[in-house]
Amino acid sequence: MCGIGGVFSKVKSHEDRKKLVKKMSDEIIHRGPDDFGEYHDESIPLSLIHRRLSIIDLSEMGRQPIESENGRFVLTFNGEIYNFKEIRKKIEVPCRGESDSEVLVNAIQRWGVEKTLNQIEGMFAFAVFDRKWNRIFLARDRCGEKPLYWHLSQNELAFCSELSGLKDFQSGLNPNSVIDFFALNCVPSRRSIYSNINKLEPARFIEIDLEKCSLVNEKKYWNVPEFVDESRFDEEAIERLETVLYETVEKTMISDVPIGCFLSGGIDSSILLSMMSEQGRKQVNTFTAKFEDSRHDESKAALMTARKFKTSHHELLITEKDMLESVSQMSQIYSEPFSDSSQIPTFLISKLASEKVKVVLSGDGGDEVFLGYNRYGFAPRVYKGLSVLPYSIRVSLSKLPINKLAPFLRKLPFIQFSLLQNKLSRMERLFGFKDNVDFYRRLVGHEVHANRVLNDFSMYEEFFSEINEINVENLNELDFQWYLPEDILTKVDRASMANGLEVRSPFLNSRVIEAARGISLSSHMDSNQLKGVLKRIAKDLIPLDILARPKVGFSVPLDTWLRGGLRPWGEELLKMGRRETSSWLNFERIDRVWEALQSGRQTQFEVWDILIFLDWLKINNFPEPTR
């Protein structure tokens, strides 16, 4: 796992370009603290850099940027290719070392970029320079586990693993990105928070002609496959999926350094640990976050699983004091506004793990691949039932307080109330939806709409393309498109890499996803039971108590902390923000939201968005929007 970057410039001198990429390298040193590599070509003029976290082939042979066997291609690569040994046999190109990066650049020499992307399994973002045609390819893995930002102008190309590495190319804030953030707690691809910098989207590659400094090709090379026809017999497909899971976990454990596992109290991480334990490796290190607030604590269930598999188990009690000490680091770690409140415990548990191991496996992606979100169970029924009501009545219902709405929900035949008890605050807003797109945005977004916080931002864009129907398949497709890469995987990548820790997610291997899609939707949602197929596989592998537990998301007691130890931090940010940004943030509305939280109303996510945004503005010297 590493950090990459590069600059092509027709207007900067060779020395200035070298200084620029060295500065870029310093910004992402946490991603690769073990080594630094650079490549400079005065003739074109191009500079590439690489920060290395040494995981496979710790020798000099694993150093990057790395050239192909015939010298035509130069690669800087972030990630892991899990099937690199198989690829090495296929390409029949001699390799000097044992690194996956050397195999990757020689596969590109043998097959070209697109065919190579279709052959490799792993998590990655890379740039490869083709000396023959004077072109650069930028590529990102299928699910978006690894990030890549890029800037292209008439005279320059710059790219980097993190936005902080592109400080010298940033212009004003993108108003649409600000809107995206306040609606979704992140800035989805293709945009970044800045108007002139993009994020490469998952499962895509782009080709840039350096001579013309222009984008000549952009292609999506993989799509999440559809579920098979319901008439298919699933038993053989489920057995095949279990085999693929075991094989994937084995490949994902390839490492020349110690390896561990993030362990929650749920099915996903427990089944991974079971399969890791069967690989016959040394005792596995497991890591669990613990909270004093029982609403958010899964440590007892995690401990039960750890004892069953005899792991070296490590618990970290996360307190209000820990949050306060860590919150000021978030804006630097994430480099653009990001406000999933579990970002801090993810950062802290990554810090603990990095003291013991360099690599951990994680159950991220299990909810998307195996249909584990509660919304898959209730949202289609809620939408279908509420659609028959006139819009004016739905809007009136959305204004009811929770204590009055709950008895009404219990009586509705299309709602399974037990699935909604921890989602009631969102149900207030679901009732007021205008159309399919608005329903989904309300379902997964935060309580605030951007136009309630921002002044004069009229260029409002929809976050998603038209959704023809609210059903499980469409909800799942949208989760793969944005929620998984932009929220879940962004949170884990930045939090872990800030601590020099590599996190691998076996459930996101393309073979696992394709095998899971080879099983009918009715089997996955057996009698509306979430993760039906995975539970069938897990029943003989993990404790029954874990299997029977209701789904609990990874969350923190944010409401309590914002009324307690985090309150002075929040009030200071509001004071500063009112002074610096009063022309375009609506502080009359923001003050009301803050007061509502302090008086006991459940507005903590809305408040967290606002505070994280203000903190990010402060760290970045309050940049103005591009009008």
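Here, every reference points to the structure presented above.
Remember, predicted model here, so these are calculated numbers, not experimental data.

(A) Structural detail: the overall build of the protein chain. Each helix and strand in the protein chain was counted, giving 26 helices and 17 strands. Taken across its 627 residues, the protein chain has 63% of its residues classed as buried. A sequence separation of at least 24 residues applies to 74% of the contacts in the protein chain between residues at least 6 apart. Counting every atom, the protein chain has about 24400 Å² of accessible surface; 46% of that belongs to carbon and sulfur.

(B) Molecular detail of the pattern of salt bridges. Using the criterion set out here, one finds 38 salt bridges in the structure. The residue Lys321 makes a salt bridge to Glu325 at a minimum N-O spacing of 2.5 Å. Here Glu325 and Lys321 lie together in helix H9 (residues 320-327), a separation of four residues that amounts to about one turn. A relative accessible area of 46% means that Glu325 is categorised as partly exposed. The partner of Lys618 in a salt bridge is Asp615, with the nearest N and O atoms 3.6 Å apart. Linking Lys618 with Asp615, this pair stays in helix H26 (residues 604-619), spanning three residues, or about one helical turn. In this structure Lys618 comes out as partly exposed when scored by relative accessible area, which is 32%. Taken together, the shared-partner salt bridges connect Arg31, Lys146, Glu162, Asp493 and Arg494 into one network.

(C) The arrangement of the nonpolar core in detail. Counting residues in hydrophobic clusters, the biggest one holds 167 residues, and the most contacted among them are Phe126, Leu241 and Trp608. Element by element, the count of residues in this core is highest for helix H18 (residues 472-497), at ten residues. Among all residues touching Trp608, those that are not within four sequence positions of it are Met323, Val327, Ser339, Asp340, Ser341, Gln343, Ile344, Leu558, Leu562, Leu566 and Trp569. Residues Ile44, Leu138, Leu148 and Trp150 belong to the second largest nonpolar core, which totals 21 residues.

(D) Unusual backbone geometry, seen in detail. In this chain, Ile44 is followed by Pro45 through a cis amide linkage whose omega measures -20°. For the bond from Ser189 to Arg190, the omega torsion is 15°, close enough to zero to count as cis. You can see Arg190 is positioned in the loop between helix H5 (175-184) and strand E10 (198-199). For Ser335, which is not glycine, the phi dihedral falls at a positive 60°.

(E) Molecular detail of the pairing of strand E9 (residues 156-160). In terms of residue burial, E9 counts as a mostly covered element, since five of its five residues are buried. Burial along E9 is two-sided: Glu156, Ala158 and Cys160 and Leu157 and Phe159, pointing in opposite directions, are all buried. Sheet topology places strand E8 (residues 149-152) next to E9; four bridges connect them, and they run antiparallel. Within E9, the residue paired with Tyr149 across the bridge is Cys160. Where E8 folds back onto E9 in an antiparallel hairpin, the turn is made up of three residues.

(F) The arrangement of the sheet that holds strand E6 (residues 122-130) in detail. Ordered in space as E4-E5-E6-E7-E11-E12, the six strands form an open sheet in which the pairing is antiparallel. The sheet is open, and its two edges are formed by strand E4 (66-67) and strand E12 (214-220), each paired on a single side.

(G) Focus on helix H17 (residues 436-444). Taking burial as the measure, the nine residues of H17 include nine buried ones, the bulk of the element. Considered for burial, the residues of H17 that qualify are Asn436, Val437, Asp438, Phe439, Tyr440, Arg441, Arg442, Leu443 and Val444. N-capping of H17 is provided by Asp435, with a side-chain oxygen placed 3.2 Å from the backbone N of Val437.

(H) Geometry of the packing of helix H6 (residues 235-252) against helix H7 (residues 267-277). Here H6 crosses H7 at 70°, and the two axes come no closer than 9 Å. When the axes of H6 and H7 are compared, the pair comes out roughly perpendicular. At the point where H6 passes H7, the crossing takes the right-handed sense. Contacts from Glu242, Leu245, Tyr246 and Val249 in H6 reach Leu272, Met275 and Met276 in H7.

(I) Spatial organisation of the packing of aromatic side chains. All chains considered together, the criterion is met by 16 aromatic pairs. Centre to centre, the rings of Phe182 and Phe613 are 5.0 Å apart; their planes meet at 65°, and the pair counts as edge-to-face. Residue Phe182 is located in helix H5, and its partner Phe613 is located in helix H26; the two are separated by 431 residues in the primary sequence. Looking at Phe613, the relative accessible area reads 0%, which means it is buried. On the numbers, 5.2 Å between centres and 85° between planes, the contact of Phe433 with Phe439 is edge-to-face. Assessed through its relative accessible area of 2%, Phe433 is described here as buried.

(J) View of the packing of helix H13 (residues 374-386) against H18. Between H13 and H18, whose axes approach to 9 Å, the crossing angle comes to 130°. Between H13 and H18, the angle is such that the two are oblique. You can see that H13 and H18 cross each other, and the crossing is right-handed. Here Arg375, Tyr376, Ala379 and Pro380 of H13 lie close against H18, whose contacting residues are Val472, Leu475, Asn476, Asp479 and Tyr483. Class assignment for the residues of the contact of H13 with H18 results in six nonpolar, one polar and two charged.

(K) Main features of the environment of Arg190. Taking the relative accessible area as the measure of exposure, Arg190 reaches 28% and is therefore partly exposed. In the structure, Arg190 is positioned ten residues away from Leu200 in sequence and 6.2 Å away in space, judged by C-alpha atoms. Not counting chain neighbours up to four residues away, the residues in contact with Arg190 comprise Trp150, Asn198, Lys199, Glu201, Leu215 and Glu218. Polar contacts involving the side chain of Arg190 include one to the side chain of Glu218, which spans 2.6 Å.

(L) Here's a closer look at the sheet that holds E9. The strand order across the open sheet built from six strands is E2-E3-E1-E9-E8-E10, with neighbouring strands paired in antiparallel fashion. Unpaired on one side and paired on the other, strand E2 (35-41) and E10 mark the two borders of the sheet. For E8 and E10, the ladder comprises two bridges, and the chain directions are antiparallel. Across the sheet, Trp150 pairs through a bridge with Asn198, a residue of E10. Here helix H1 (residues 14-27) sits on the sheet and contacts strand E1 (2-9), E2, strand E3 (46-52) and E9; the angle it forms with E1, its principal contact strand, is near 155°.

So, how was this worked out
- Residues numbered from 1 in each chain as written.
- Predicted model: local features only at pLDDT ≥ 70, side-chain atom pairs only at ≥ 80, totals over all residues.
- Heavy atoms only, no water.
- Helix = DSSP H or I, 4+ residues; strand = E, 2+ residues; numbered from the N terminus.
- Buried < 20%, exposed > 50% of the residue type's maximum accessible area, 1.4 Å probe, protein only.
- Contact = heavy atoms within 4.5 Å.
- Areas by Shrake-Rupley, 256 points an atom, 1.4 Å probe, with all protein chains shown as cover.
- Salt bridge = Lys/Arg side-chain N within 4 Å of Asp/Glu carboxyl O.
- Core = buried A, V, L, I, M, F, W, Y, C linked by side-chain atoms within 4.5 Å.
- Pairing = 2+ DSSP bridges.
- Polar contact = N/O pair within 3.5 Å; in protein donor to acceptor, adjacent residues only side chain to side chain.
- Axes fitted to C-alpha atoms, helices over the stretch in contact; angles between N-to-C directions.
- Parallel < 35°, antiparallel > 145°, perpendicular 65-115°, else oblique.
- Left-handed = near helix turned anticlockwise from the far one by under 90°.
- Phe/Tyr/Trp six-rings, centres within 6.5 Å; stacked < 30°, edge-to-face > 60°.
- Nonpolar A, V, L, I, M, F, W, Y, C, P; charged D, E, K, R; others polar.

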